[in-house]
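This is what each chain is made of:
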Amino acid sequence: MTSAPLRQEVEALRAQLNQHNYRYYVLDEPSIPDVEYDRLLRQLQTIEAQHPELISQDSPTQRVGAQPLTAFGEVTHDMRMLSLDNAFNDDEMRDFERRIKDRLKDTSELEFVCEPKLDGIAVSLLYENGIFVRGATRGDGQTGENITQNLRTVPSIPLTLMGTGWPERLEVRGEVYMPKAGFDAFNKQALANGEKPFVNPRNAAAGSLRQLDSKITASRPLQMCCYSVGIVDGGELPGKHSDVLQQLHRWGFRINDQMKVVQGINGCIDYYQDLQTRRDSLHYEIDGIVFKLNSLELQNKVGFVSRAPRWAIAYKFPAQEEITQLLGVEFQVGRTGAVTPVARLQPVFVGGVTVSNATLHNGDEIERLGVRCGDTVVVRRAGDVIPQVVQVVLEKRPENSTVIEFPSSCPVCGSDVIRAEGEAVARCTGGLYCAAQRKQAIKHFASRKAFDIEGLGDKLVDMLVDQQLINSIADLFHLQHEALSNLERMGDKSAQNLLDALQKSKQTTLARFIYALGIREVGEATAANLAHHFADLDALMQANEEQLLEVNDVGPIVASHIAHFFQQPHNQEIIEALLAEGIRWPSVDKKNVEAMPLAGQTWVLTGTLETLTRDQAKSRLVALGAKVSGSVSAKTHCVVAGASAGSKLTKAESLGIEVRDESALLQLLAQLEAS
Ligand code: D41
């Protein structure tokens, strides 16, 4: 027999857990630490284990997954799940509005709701008397698969509705998706375990929901965001779509944080353009925007054609994935000798630009993809990242496809290509004997964060090295006006400008000088740390690995690269030659890094800053002793969030990390720099 107090205790624990779950997964505003949540959950699990009669399907303990199924059942959607018509340009959007106005025989301005179109899997969730009883995929709109057990494991799907006033039967529809951060983390782990990663977040969501073992689904970072309702029995909902979504939010569902009500089709087009520029900063993938007439009464009036409503449309963004043919593979040699396979593609329009090259990363990646020359491949270009080959379409493999051979000697200088034990990257062993490495070293030296030599672009460097006008970075300062002005597309004026820029670049800083040398693994931040620590080039050049390890952020691998670099006689010669050219920097105060005001702190910059560039903000923080990292973790001290900050901000908030805006950052910098 179960006592009434025990039943009450179970109810109280479930209510608390549901509330915390809602705060964490729906509002992104956790109110208790994870350990406290785990403690409450364990308490409930213990009671349920001792009193199985108290277990219910809507208990938070049921989110961990249930007995595996042998097959999914079928679900017939009593109310068909409609599909969406697409628009691909502004004209098609105006046609959409025109059709609605014609039907309504009314020309007054229409109100629309804008929702980012999540790239996931559409699902239906049925609630009876506030309890989640059945979940299904959309399928073909008429019948889908019963995936109730799997959906129960998705933390942002309420197992019992919150608040009051819900209809007796309520069908909520929405999209299950995998946020970018979860997708990246999952794939990283999969690769580390020697498993196959997912091609994109959409496939990841689909694959995770298609598991017969819901414990697997439970381990995947899925989210669900609702976008409409189906069945509504024994209750009423508001008369505007935007209000319906707000009501669903109060009952415990996630709704899209970018949802907005706008006036007229111009309002829709403005929204589309705005979100397109911010697409990369969202913490989930979207493939367009869905626009819906806000008034449900007007929705009913305009109705639908075959399977799609006339009152809604999806305005698609340019596709981020396309298929094309792999014409060949070229092996490029980088500054450090790394040999990178680059796919030469039949040009294809993807992600808003024409792509004819994509990276294949390294030999392991070629093997993992199983790709051959001549294959049809899927190319992905998301945001500003370099295009990638993500998949081979095996069904389209031609008979004359050829295996890709990773070269054993450098395609540029013929030296051996060697892959060190445990490394993914193969390297040319030619060093500065290799023209490719020499060119890259010079380009790096001239780049903005190094010597910042205006007018010395990549093409010019290639030309100078190919014509043997320069062989090393030190040679740059011997360039003569006559030789320069005789070069292709180089006039008298530009030759003089370049010589002036070279002259000007001689006045630099120690940190820039160290960075410009192009030592392996020594980026801008490490160079700045080295400059502060040693304050003097000779001291740095004489330092042994042990002394280098004392520098903030320098580990054994970086220390060995640095020591090795300065031991090379030809590097010593080049440095001597550069100094002989009159390269100078102001003396550096030897700062005791530990005593710096932000020592030991890790900061993260995200979003768009208005008055500072990211580089400026970063170097000012680093100068105060902070480390600036690209990702948020429990070790992050503070996140600076500019306009349209995305997943990093969300993560910082969920971890309870301090967040500052730009003006708060400026204030702090000014204060610390003055002291
Ligand atoms: O974010 C989405 N993927 C999304 C899909 C959305 N925000 N709204 C949607 N609205 C509808 C209607 C207008 C039919 C209620 C949808 C979808 N449908 C949809 N998803 C898959 C097929 C249709």
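For the structure, check the block above.
This section reports on the structure supplied with the text. (Residues numbered from 1 in each chain as written. Predicted model: local features only at pLDDT ≥ 70, side-chain atom pairs only at ≥ 80, totals over all residues. Heavy atoms only, no water.)

With respect to the overall build of the chain
- Per the secondary structure count, the chain includes 24 helices and 26 strands.
- Taken over the C-alpha atoms alone, the chain extends approximately 85 × 60 × 55 Å along its principal axes.
- When each of the 675 residues of the chain is scored for burial, the buried share is 48%.
- Sequence-distant contacts, at least 24 apart, represent 67% of the contacts inside the chain between residues at least 6 apart.
- Looking at charge distribution, the chain has the averaged site of its 70 positive side-chain charges lying 3 Å from that of its 87 negative ones. (Helix = DSSP H or I, 4+ residues; strand = E, 2+ residues; numbered from the N terminus. Buried < 20%, exposed > 50% of the residue type's maximum accessible area, 1.4 Å probe, protein only. Contact = heavy atoms within 4.5 Å. Lys, Arg positive; Asp, Glu negative; His and termini not counted. Charge placed at Lys NZ, Arg CZ, Asp CG, Glu CD.)

Let's talk about the packing of helix H12 (residues 435-446) against helix H13 (residues 458-466)
- Orientation of H12 relative to H13, taken along the N-to-C sense of each, is 135°, at an axis distance of 10 Å. Relative to H13, the element H12 lies oblique. As H12 runs across H13, the sense of the crossing is right-handed. Here Arg-438, Lys-439, Ile-442 and Lys-443 of H12 come into contact with H13, specifically with Asp-458, Val-461, Asp-462, Val-465 and Asp-466.
- Taken together, the residues of the contact of H12 with H13 break down into 3 nonpolar, no polar and 6 charged. (Axes fitted to C-alpha atoms, helices over the stretch in contact; angles between N-to-C directions. Parallel < 35°, antiparallel > 145°, perpendicular 65-115°, else oblique. Left-handed = near helix turned anticlockwise from the far one by under 90°. Nonpolar A, V, L, I, M, F, W, Y, C, P; charged D, E, K, R; others polar.)

Some points on the sheet that holds strand S8 (residues 223-233)
- Sheet architecture is open: 4 strands sit in the order S5-S4-S7-S8, paired in antiparallel fashion. Of all the strands in the sheet, the pair left with one neighbour each is strand S5 (131-137) and S8. For this sheet, the mean inter-axis angle between neighbouring strands, taken without regard to orientation, is 25°.
- Relative to S5, strand S4 (residues 121-128) runs antiparallel, the two sharing 6 bridges. Bridged to Ser-124 within S5 is Ala-136.
- Packed on one face of the sheet, helix H6 (residues 201-209) meets S4 and strand S7 (169-177) and runs near 45° to S4.
- Taken strand by strand, helix H8 (residues 241-250) contacts S7 and S8, and its axis lies near 110° from that of S8. (Pairing = 2+ DSSP bridges.)

Notes on the side chain of Arg-254
- Checked against the element boundaries, Arg-254 lands in the loop between H8 and strand S9 (260-263).
- At 2.8 Å, the side chain of Arg-254 and the backbone oxygen of Tyr-25 are in polar contact.
- With sequence-adjacent residues up to four places away left out, Arg-254 is seen in contact with Tyr-25, Val-26, Asp-28, Ser-156, Tyr-177, Gln-223, Met-224, Cys-225, Cys-226 and His-249. (Polar contact = N/O pair within 3.5 Å; in protein donor to acceptor, adjacent residues only side chain to side chain.)

Brief notes about the nonpolar core
- The biggest cluster of nonpolar side chains holds 55 residues, and the ones touching the most others in it are Ile-453, Leu-476, Leu-530 and Leu-578.
- Looking at this core, the elements that each hand over two or more residues are H12, H13, helix H15 (492-505), helix H16 (510-516), helix H17 (524-534), helix H18 (537-542), helix H20 (556-567) and helix H21 (569-580).
- Among the elements that make up this core, the one with the highest residue count is H20 (6 residues).
- Apart from the residues lying within four places of it in its own chain, the contact partners of Ile-453 are Phe-445, Ala-446, Leu-476, Leu-498, Ala-501, Leu-502 and Ser-505.
- Ranked by size, the runner-up nonpolar core spans 33 residues in total, among them Val-113, Ile-147, Val-244 and Leu-248. (Core = buried A, V, L, I, M, F, W, Y, C linked by side-chain atoms within 4.5 Å.)

Regarding the site of the ligand
- Taken together, the neighbourhood of the ligand is formed by 16 residues, with Glu-115, Leu-118, Glu-175, Tyr-227 and Lys-292 sitting nearest.
- Between Tyr-227 and the ligand, the recorded distance is 3.2 Å, taken from a side-chain N or O atom to a nitrogen atom.
- Here the ligand has 490 Å² of accessible area as a free molecule, and 89% of this is covered by the chains.
- A molecule is said to occupy a pocket when more than half its atoms come within 2 Å of that pocket's grid points, and by this definition the ligand occupies the second largest pocket.
- Those elements that place two or more of their residues in the shell around the ligand are strand S3 (111-118), S8 and strand S10 (286-293).
- For the shell around the ligand, the element with the highest residue contribution is S3, accounting for 4 residues. (Near = heavy atom within 4 Å. Areas by Shrake-Rupley, 256 points an atom, 1.4 Å probe, with all protein chains shown as cover. 1 Å grid on protein atoms, 1.4 Å probe; cavity = no way out; pocket = protein on both sides within 12 Å on 5 of 7 lines; lining within 4 Å. Sits in = over half its atoms within 2 Å of the grid points.)

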